[in-house]
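# Chains, contacts and geometry: an overview
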Amino acid sequence: MIPAAFDYYRPTKMDDVIALLKEHGDDARVMAGGHSLIPMMKLRMAEIPHLIDLQAIDGLNEISIKDGQITIGAMVTQHDLINHAGLQAAAPILREAALQIADPQVRYMGTVGGNVANGDPGNDMPGLMQCLDATFVLVGPDGERSVAARDFYEAAYMTAREDEEVLTSVSIPVPQGGYAYEKQKRKIGDYATAAAAVQIVKEDGKCTAASIAMTNLSDTPIYSVDAGAALVGTAVDAAALNAAKAAMLGDIDPTEDNRGPVAFKKHVAGVILTRAIERAWSRA
């Protein structure tokens, strides 16, 4: 449980972070909260000769809500999401999801940027960010660029981020309507067997917009366009729920592991999505 030897850096400017990444290439890794990377290093499943800590970079732990847009710095923790009064009013689904991540000790250190950047299909924030149509801001040697969360994830632990880039913030349009984040897991602190993020807009008793994303049911988070479309124009009755569930099941591709066989995971996914839609609809 002791990592291999490594050089530790704690720069205070993003330019210095980028310079270190350029200098050391594949031998360097950026660390935000460290809850994914440090256990891998301790188990010798990852050897990182050069570890770059982002804790001392100014401006990465800020939250702003302005002109219908929410901006969350990469070093904002899950604890920060839970306790920020403005976020609770503007996007309560963020708090609801963060409360279901691991346990309080992890949430004090685990960051939004780390959760979305490393491409782990079991993490909660990537699917949630797809549901909310978030945009990720990346900074690298060529400057700053933005990538939609729905385009960011390519495969397990593979994303659109280049090796010399750092994810610095997440931008989210203030969500409208009802919301829900439902998660089934084996025990407190575990990854989801299945989780669903849902946002629904209701007008005159009918659904006018719906956004649905699923977690840990494929090698990337799944934003299910067809599942959301199945609800639009309906009163979210039993037929609409069944249609949305069927569309979602057609998009996911779970594999058997210690959380259960494929058939079980699909069953859980259907139950979780139904609960999330019903709860979001009741809040719309």
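Provided above is the structure to which this section pertains.
Residues numbered from 1 in each chain as written. Predicted model: local features only at pLDDT ≥ 70, side-chain atom pairs only at ≥ 80, totals over all residues. Heavy atoms only, no water.

## A closer look at the packing of aromatic side chains
The description of an aromatic ring pair rests on the distance of the ring centres and on the angle between the ring planes. What counts is decided by this rule: Ring geometry is summarised as follows: Phe, Tyr and Trp rings, the Trp one being its six-membered ring, pair when their centres sit within 6.5 Å, and such pairs are stacked at plane angles under 30 degrees, edge-to-face over 60 and tilted between the two. Numbering of helices and strands runs from the N terminus; a helix is a DSSP stretch of H or I covering at least four residues, while a strand is a stretch of E covering at least two. In this scheme, a residue with accessible area under 20% of its type's maximum is buried, one over 50% is exposed, and one in between is partly exposed, where area comes from a 1.4 Å probe on protein chains only.
In the structure shown here, the tally under the stated rule is 3 aromatic pairs. Ring centres of F136 and Y153 lie 6.3 Å apart, and the angle between their planes is 85°; on these two criteria the pair is classed as edge-to-face. Taken as a pair, F136 in strand β6 (residues 135-140) and Y153 in strand β8 (residues 153-155) lie far apart in primary sequence, 17 residues in all. Y153 matches F136 in its accessibility class, with the two residues each being buried.

## Considering the state of the cysteines
Rule in force here: Sulfur atoms of two cysteines make up a disulfide when they are within 2.5 Å.
Applying the stated rule across the entire model yields 0 disulfides. Distance from the sulfur of C131, which forms no disulfide, to the nearest cysteine sulfur (C207) is 12 Å. The buried category is assigned to C207, whose relative accessible area is 2%.

## A short note on the layout of surface pockets
Heads up, the condition is: Lining residues are those with an atom within 4 Å of a point, where the points come from a 1 Å grid over the protein atoms alone and group into cavities, where a 1.4 Å probe fits but cannot get out, or pockets, open sets with protein on both sides within 12 Å along at least five of seven lines. Grid points are joined across faces, edges and corners, and a volume is the space filled by probe spheres set on the points. Polar here means any residue other than Ala, Val, Leu, Ile, Met, Phe, Trp, Tyr, Cys and Pro, which are nonpolar, and Asp, Glu, Lys and Arg, which are charged; Gly is therefore polar.
Here the largest pocket is characterised by a volume of approximately 1,400 Å³. Taken together, 47 residues form the lining of the largest pocket, with S36, L37, G114, N118 and N123 sitting closest to its centre. Mapped onto the lining of the largest pocket, the elements with two or more residues apiece are β2 (28-31), α2 (37-42), α7 (112-117), β9 (158-159) and β10 (166-173). Residue composition of the lining of the largest pocket, grouped by class: 22 nonpolar, 16 polar and 9 charged.

## Overview of a negative patch on the surface
Cut-off, in case you're wondering: Each patch is assembled from residues with relative accessible area greater than 30% and no salt bridge, linking like charges that lie within 9 Å and nonpolar side chains (Val, Leu, Ile, Met, Phe, Trp, Tyr) that lie within 5 Å. The method behind every accessible area is Shrake-Rupley, applied with a 1.4 Å probe, and residues are considered shielded solely by the protein chains displayed. Basic side-chain nitrogens of Lys or Arg form a salt bridge, by our definition, when they fall within 4 Å of a carboxyl oxygen of Asp or Glu. Counted as positive: Lys and Arg. Counted as negative: Asp and Glu, with His and the chain ends omitted from the count. Charge placement uses NZ in Lys and CZ in Arg. For Asp and Glu, CG and CD serve respectively.
Taken together, the side chains of D26, D27, E154, E162 and D163 make up a negatively charged region of the molecular surface. Within the secondary structure, D163 is located in the loop between β9 and β10.

## What about helix α1 (residues 14-24)?
Residues three or four positions apart in an α-helix share a direction because the helix packs 3.6 residues into each turn. Convention followed: Throughout, the arc means that of the directions going from the helix axis to the C-beta atoms.
Those residues of α1 that fall on the buried side of the exposure criterion are M14, V17, I18, L20, L21 and H24. Seen from one end, α1 has its buried residues packed into an arc of 160°, which puts them on one side. Exposed side of α1, more than 90 degrees from the buried face: D15, K22 and E23 are the residues found there. Phi turns positive, to about 55°, at G25, one or two residues after α1.

## Section: the packing of helix α11 (residues 238-251) against helix α12 (residues 262-283)
Each packed pair of helices is defined by two parameters, the angle between the axes and the distance between the axes. Keep this limit in mind: Whenever a helix is involved, its axis is fitted only over the stretch in contact; in every case the axis is a line through C-alpha atoms, and angles between N-to-C directions fall within 0 to 180 degrees. Oblique is the label for any angle not under 35 degrees, not over 145, and not in the 65 to 115 range, which are roughly parallel, roughly antiparallel and roughly perpendicular in turn. Handedness of each helix crossing follows the sense of rotation of the near helix against the far helix: counterclockwise by less than a right angle gives left-handed, clockwise gives right-handed. We call two residues contacting when some pair of their heavy atoms lies within 4.5 Å.
In the contact formed by α11 and α12, the axes pass within 10 Å of each other and the chain directions differ by 135°. What the angle tells us is that α11 and α12 run oblique. α11 and α12 meet at a crossing whose hand is right-handed. From α11, L241, A244, K245, M248 and L249 reach across to α12, where they touch K266, A269, G270, L273, T274, I277 and E278.

## As for the sheet that holds strand β11 (residues 178-185)
Test applied: Paired strands, in this sense, are two strands between which DSSP finds at least two bridges.
The antiparallel open sheet is built from 4 strands, whose spatial order is β11-β12-β13-β14. The open sheet has two edge strands with one neighbour each: β11 and β14 (222-223). Alignment of β11 against strand β12 (residues 192-203), held across 8 bridges, turns out to be antiparallel. Each residue of the ladder has a partner; that of Y179, found in β12, is Q199.

## Notes on a nonpolar patch on the surface
Among the surface-exposed residues, M1, M40, L43 and M45 lie close enough to one another that they form a single nonpolar patch of about 450 Å² accessible area. Within the element layout of this structure, M40 appears in helix α2.

## Here's the deal with the side chain of S218
Where we set the bar: Two N or O atoms form a polar contact when they lie within 3.5 Å of each other; inside protein one atom must be a possible hydrogen donor and the other a possible acceptor, and for residues adjacent in sequence the pair counts only when both atoms belong to side chains.
As for its placement among the helices and strands, S218 is situated in the loop between β13 (206-215) and β14. Assessed through its relative accessible area of 13%, S218 is described here as buried. A distance of 2.7 Å separates a polar side-chain atom of S218 from the backbone nitrogen of D253. If sequence neighbours within four positions are ignored, S218 has contacts with P121, D251, I252 and D253.

## Some thoughts on the sheet that holds strand β3 (residues 50-53)
In spatial order, the strands read β1-β3-β2; together these 3 strands make up an open sheet with parallel pairing. For this open sheet the edge positions go to β1 (7-9) and β2, each flanked by a neighbour on one side alone. For this sheet, the mean angle separating the axes of adjacent strands, direction not counted, is 20°. Pairing analysis gives 3 bridges linking β1 to β3, with the strands arranged parallel. Across the sheet, the residue bridging to Y9 is I52, located in β3. Most of the contacts of α1 go to β2, to which it runs at about 150°, and overall it touches β1, β2 and β3.

## Some details on the nonpolar core
Operational definition: Side-chain atoms within 4.5 Å link the members of a nonpolar core, which is a set of buried Ala, Val, Leu, Ile, Met, Phe, Trp, Tyr and Cys residues.
In this structure, L94, M125, M129, F136, L167, V170 and I172 are the most contacted members of the largest nonpolar core, which totals 41 residues. Setting aside its immediate chain neighbours within four residues, I172 contacts G68, Q69, I70, I72, L94, M129, L132 and A134.

## Some words on the environment of A209
Among the secondary structure elements, A209 is positioned in strand β13. It is 7.5 Å that separates the C-alpha atoms of A209 and G228, two residues lying 19 residues apart in sequence. Ignoring anything within four residues of it in the chain, the contact list for A209 reads Q199, I200, V201 and V232.

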